[in-house]
Amino acid sequence: MWGFKTQTRELALFTAVPLLLFACSHEEAEKPAEIQTNGYAITADLEFSSGKTVALKANSVISFLADPCVTKNDGDTWVWTHTYQMKEEGIQYRICLKAMIKDGTGSYNLYTNKEDYLEKQGWYMELTIKSKDRSADEHYQSRFEEGGSGKLIINSLTSDRLNGTFSADIPMSPFNGDRLKIKDGKINTKIKRIN
């Protein structure tokens, strides 16, 4: 009896995985490519304490998960993006945004206290930089570090699209004196509502 149940579960899993993969690839094939600002979901100018500057132009790491998810929470709206990535000269830049906002337009402050994270209206971001040999990875984030500041302005949040601008000044984590300034950030991407 136990063997029969195990075989049934394995058969169900064996059948479900290819169907899921087919559904994702089939959905992608039927939809025309989305035209976004400058062809990217997120763009921004990055300025590091060292004086280095980088023009970030990023799209989702995984194409069929490219769209941020949006869901309701007691009258507010949660928005969380999948990871967006850019590679330049072998260095990987990964950015992720999360927010609790009103369902529409508005301006929001960067979270600096972990107690506020997705409990009050505001937003959070992190940027990870992975070096070629992984010996000098850097991580910047806003959520658990005092002294960060920034604005997220939602220009529009429709049934299927998020459009906004952002800027931030955040420390490296763990903090060692290095900071990252993000200027002229733009996000313009499709969303998936799961509420």
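Preceding this paragraph is the structure being described.
What you see is a predicted model, and the numbers here were worked out from it, not measured in a lab.

Calculation criteria
- Residues numbered from 1 in each chain as written.
- Predicted model: local features only at pLDDT ≥ 70, side-chain atom pairs only at ≥ 80, totals over all residues.
- Heavy atoms only, no water.
- Salt bridge = Lys/Arg side-chain N within 4 Å of Asp/Glu carboxyl O.
- Helix = DSSP H or I, 4+ residues; strand = E, 2+ residues; numbered from the N terminus.
- Buried < 20%, exposed > 50% of the residue type's maximum accessible area, 1.4 Å probe, protein only.
- Phe/Tyr/Trp six-rings, centres within 6.5 Å; stacked < 30°, edge-to-face > 60°.
- Core = buried A, V, L, I, M, F, W, Y, C linked by side-chain atoms within 4.5 Å.
- Contact = heavy atoms within 4.5 Å.
- Lys, Arg positive; Asp, Glu negative; His and termini not counted.
- Polar contact = N/O pair within 3.5 Å; in protein donor to acceptor, adjacent residues only side chain to side chain.

### With respect to the pattern of salt bridges
Following the criterion strictly, the structure yields six salt bridges and no others. For Asp-103, the salt bridge goes to Lys-72, with nearest N and O atoms at 3.1 Å. On the criterion of sequence distance, the pair formed by Asp-103 in the loop between strand S6 (91-101) and strand S7 (106-109) and Lys-72 in strand S3 (residues 69-73) is long-range, its members being 31 residues apart. Owing to a relative accessible area of 41%, Lys-72 belongs among the partly exposed residues under this scheme. For the salt bridge of Arg-179 with Asp-169, the shortest nitrogen-to-oxygen distance reads 3.0 Å. With Arg-179 in strand S12 (residues 179-190) and Asp-169 in strand S11 (residues 161-171), this pair connects stretches of sequence that are ten residues apart. Using a relative accessible area of 23% as the deciding quantity, one classes Arg-179 as partly exposed. Put simply, Lys-72, Asp-103 and Arg-193 are held in one network by salt bridges that share partners.

### Quick notes on the packing of aromatic side chains
Evaluated as defined, the whole model comprises five aromatic pairs. For the ring pair Trp-78 and Trp-80, a centre distance of 6.3 Å and an interplane angle of 65° mean the geometry is edge-to-face. Judged by relative accessible area, which is 27%, Trp-80 ranks as partly exposed. When the ring of Tyr-117 is compared with that of Tyr-124, the centres are 5.3 Å apart and the planes differ by 75°; the resulting orientation is edge-to-face. Using a relative accessible area of 18% as the deciding quantity, one classes Tyr-117 as buried. By relative accessible area, Tyr-124 is classed as buried at 1%.

### Quick word on the environment of Gly-148
Among the structural elements, Gly-148 can be located in the loop between strand S9 (138-141) and strand S10 (149-157). Put simply, Gly-148 and Ala-168 are 20 residues apart on the chain and 7.4 Å apart in space, counted from C-alpha to C-alpha.

### Quick look at the nonpolar core
Core analysis: the largest hydrophobic core is formed by 36 residues, its most contacted members being Leu-46, Leu-56, Trp-123, Met-125 and Phe-166. Of all the secondary structure elements, the ones that give two or more residues to this core are strand S1 (42-48), strand S2 (53-60), strand S5 (84-88), S6, strand S8 (122-130), S10, S11 and S12. Top contributing element to this core by residue count: S6, with five residues. With five residues, the next largest nonpolar core counts Met-100, Tyr-117, Leu-118 and Tyr-124 among its residues.

### Let's talk about unusual backbone geometry
The step from Ser-173 to Pro-174 runs through a cis peptide bond, and the omega angle for that step is -5°. With respect to the secondary-structure elements, Pro-174 resides in the loop between S11 and S12. Residue Asp-184 is not a glycine yet carries a positive backbone phi of 55°. In this structure Asp-184 comes out as partly exposed when scored by relative accessible area, which is 49%.

### Section: the environment of Ala-44
Considering the arrangement of structural elements, one finds Ala-44 in strand S1. The spatial distance from the C-alpha of Ala-44 to the C-alpha of Lys-181 is 9.9 Å, given a sequence separation of 137 residues. Dropping the residues within four chain positions of it, Ala-44 is found in contact with Val-54, Ala-55, Leu-56, Phe-166, Ile-182, Lys-183, Asp-184 and Gly-185.

### Focus on the side chain of Asp-76
With respect to the helices and strands, Asp-76 occurs in strand S4 (residues 76-80). Buried charge Asp-76 goes without a salt bridge, the closest partner of opposite sign being Lys-102 at 7.4 Å. Here Gln-121 takes part through its side chain, which lies 2.8 Å from a polar atom of the side chain of Asp-76.

### A few points about the environment of Thr-105
Take Thr-105: it is sitting in the loop between S6 and S7. A relative accessible area of 53% places Thr-105 in the exposed class. Sequence separation between Thr-105 and Ile-154 is 49 residues, and the spatial gap between their C-alpha atoms is 4.9 Å. Beyond its immediate stretch of four places on either side in the chain, Thr-105 contacts Ile-154, Asn-155 and Ser-156.

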